[in-house]
Amino acid sequence: MPANYVLGFDIGGTKSAVILATTDSTLRARMQMPTRPQMRDAETVLSELTDLARALLEEENISQDDLAGISVVCGGPLDLEKGLICSPPNLPGWDNVPIVSFMQERFHLPVVLENDANAGALAEWLFGAGKGASHLIYLTMGTGIGGGLILDGKLYHGKQGLAGEIGHQTILPNGPLCACGKQGCLEALASGPAIARLARESLMYGRHKRVLSMADGKPANITAEHVIAAAKEGDNFAQGLLEEVGTYLGIGLANVLQILNPECVILGTIAVHAGECLLEPVRKAVAERCWARIAAGCRILPAGLGTQVQDYAAVAPLLYRLHHEEG
């Protein structure tokens with residue numbers, strides 16, 4: 001009997017998920033759990049994640065024999081050749097974790113490892129807003145900011161598999177400290193935690209308190225979601241924060257556009273939730289900083305897969321390999 005399903009693991013700094021999909025790219029089911037890397041070591045988290053996967057298969061009445069393989073997606077840096085997770089900023093203590101061999105030992109199936117932003121680029125290229133494009137940039141915006149590059153119709157990894165780390169270009173040389181240890185990275189200025197930090201810092205100067213009320217009056221509870229929700233309700237303070245973040249993001253994208261000249265940029269996660277509150281200042285900053293012809297030739301879009309982009313991304317690397325090899 002042919003194997004009709006694939007299992008994807010989406011490992012994030014805040015939460016992790018297991019996704020079951022068919023080999024013809026239909027999402028079937030998912031389960032998720034908090035990652036809590038500050039409280040638990042990698043082996044504990046991964047053991048719990050594999051237990052979650054087995055529970056999902058049992059619930060869906062799917063045998064392991066029905067699986068064509070395993071896809072593991074995680075923020076970088078990764079060593080794709082050796083199958084290692086190599087100290088990602090958002091997974092403290094995950095130093096050279098042999099994720100591929102870990103999964104192979106537990107499932108006895110082929111395992112594909114991919115950077116989460118590269119996987120997002122594949123998902124949007126195969127199934128979403130970038131379908132049919134030959135030159136595409138994808139940004140995942142959550143706990144961190146990562147980038148995936150489709151160049152000349154192929155996923156581009158670079159010499160060490162580290163290409164596309166757009167979130168770790170320097171925007172402000174003396175800016176806030178990034179999780180990677182450098183100052184002023186785009187990630188430190190426009191990620192989810194960065195948006196929350198900007199909101200808390202602004203509250204110290206007595207600015208509008210709508211965001212604070214959404215966080216039950218506790219500055220420490222403020223999240224990017226609170227800022228986005230307030231901005232959509234028309235709150236000037238929150239809209240101003242997203243304009244600032246969008247400007248930083250636009251500067252970073254303008255740098256990349258000027259170098260790579262893509263036909264579209266696709267923004268995931270936070271940009272999907274924020275919509276035009278974030279996209280408008282991004283497009284404005286890009287138009288101001290790029291050559292007019294480059295900016296005019298590039299569409300800047302929210303992820304076409306919407307809130308499901310991460311689920312598709314979790315299985316896209318294996319689906320791409322299966323169908324690419326078949327072709």
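Conventions used here
- The numbering scheme is per chain: residues are counted from 1 as the chain's sequence reads.
- Owing to the predicted nature of the model, reporting of local features is limited to residues with pLDDT of at least 70; listing and counting of side-chain atom pairs is limited to 80 or more, with chain, interface and lining totals taken over all residues.
- Calculated side-chain values reflect all of the structure's heavy atoms, with hydrogen atoms and water omitted.
- In this description a helix means any DSSP run of H or I spanning at least four residues, a strand means any run of E spanning at least two, and both kinds are numbered starting from the N terminus.
- Between N or O atoms, a polar contact is any pair within 3.5 Å; within protein, one atom must be a potential hydrogen donor and the other a potential acceptor, and residues adjacent in sequence are included only when both atoms are from side chains.
- Whether two residues are in contact is decided by their heavy atoms: any pair within 4.5 Å suffices.
- Exposure is judged per residue with a 1.4 Å probe applied to protein chains only, and the accessible area is read against the type maximum: over 50% gives exposed, under 20% gives buried, and values in between give partly exposed.
- Each C-beta atom gives one direction from the helix axis, and the arc is the one those directions make.
- Simply put, an axis is a line fit to the C-alpha atoms, just over the touching stretch for a helix, and the angle between two N-to-C directions goes from 0 to 180 degrees.
- In this scheme, roughly parallel covers angles under 35 degrees and roughly antiparallel covers those over 145, while 65 to 115 is roughly perpendicular and the rest are oblique.
- Note on convention: the crossing is left-handed when the near helix lies turned anticlockwise from the far helix by less than a right angle, right-handed when the turn is clockwise.
- When residues are grouped by polarity, Ala, Val, Leu, Ile, Met, Phe, Trp, Tyr, Cys and Pro land in nonpolar, Asp, Glu, Lys and Arg in charged, and all others, Gly among them, in polar.
- Side-chain rings of Phe, Tyr and Trp (the six-membered ring for Trp) are treated as a pair once their centres are within 6.5 Å; stacked means planes under 30 degrees apart, edge-to-face means over 60, and tilted covers the remaining angles.
- When the NZ atom of lysine or the CZ atom of arginine is within 6 Å of a ring's centre and also within 35 degrees of its normal, the charge is said to sit over that ring.

Asker: Can you tell me about the side chain of Thr269, naming the residues and giving the values?
Answerer: Residue position: Thr269 is located in the loop between strand 11 (264-267) and helix 9 (270-274). Reaching out from Thr269, the side chain makes a polar contact with the backbone oxygen of Met141 at a distance of 3.4 Å. Setting aside anything within four residues of it in sequence, one finds Thr269 in contact with Thr140, Met141, Gly142 and Gln310.

Asker: Before we move on, can you summarise helix 2 (residues 99-107) with the specific residues and values?
Answerer: Along helix 2, the residues classified as buried are Ile99, Val100, Phe102, Met103 and Phe107. Summarising the axial view, the buried residues of helix 2 lie within an arc of 160°, below the 170-degree limit, and thus occupy one face. Tucked inside the fold, the buried residues of helix 2 contact strand 1 (5-11), helix 1 (42-59), strand 4 (67-74), strand 6 (84-85) and strand 7 (111-115). Count one or two residues on from helix 2 and you reach His108, which has phi positive near 55°.

Asker: Please give an account of the packing of helix 1 against helix 2 that cites residues and values.
Answerer: Interhelical geometry of helix 1 versus helix 2 gives an angle of 40° and a closest axis separation of 12 Å. With respect to helix 2, the element helix 1 is oriented oblique. In this structure, helix 1 meets helix 2 at a crossing whose hand is right-handed. Across the interface between the two elements, Glu43, Leu46, Ser47, Thr50, Ala53 and Arg54 from helix 1 touch Ile99, Phe102, Met103, Arg106 and Phe107 from helix 2. Counted by class, the contact of helix 1 with helix 2 contains six nonpolar, two polar and three charged residues.

Asker: For the packing of aromatic side chains, give the residues involved together with the corresponding values.
Answerer: According to the stated counting rule, one finds three aromatic pairs in the structure shown. Aromatic pair Trp125 and Tyr320: ring centres 6.0 Å apart, planes at 50°, arrangement tilted. One end of the pair, Trp125, is in helix 3 (residues 116-127); the other, Tyr320, is in helix 12 (residues 309-326), with 195 residues separating them in the sequence. When its relative accessible area of 13% is taken as the criterion, Trp125 is described as buried. Aromatic side chains Phe127 and Tyr312 sit 5.5 Å apart centroid to centroid with 40° between the ring planes, which places their arrangement in the tilted category. Linking Phe127 in helix 3 with Tyr312 in helix 12, this pair joins segments that are 185 residues apart in sequence. The exposure class of Phe127 is partly exposed, given its relative accessible area of 25%. Judged by its relative accessible area of 15%, Tyr312 falls in the buried class. Positioned above the aromatic ring of Phe107 is the side chain of Arg54, whose terminal nitrogen or guanidinium carbon lies 4.6 Å from the ring centre. A cation sits over an aromatic face here: Arg106 above Phe102, 3.5 Å from the ring centre.

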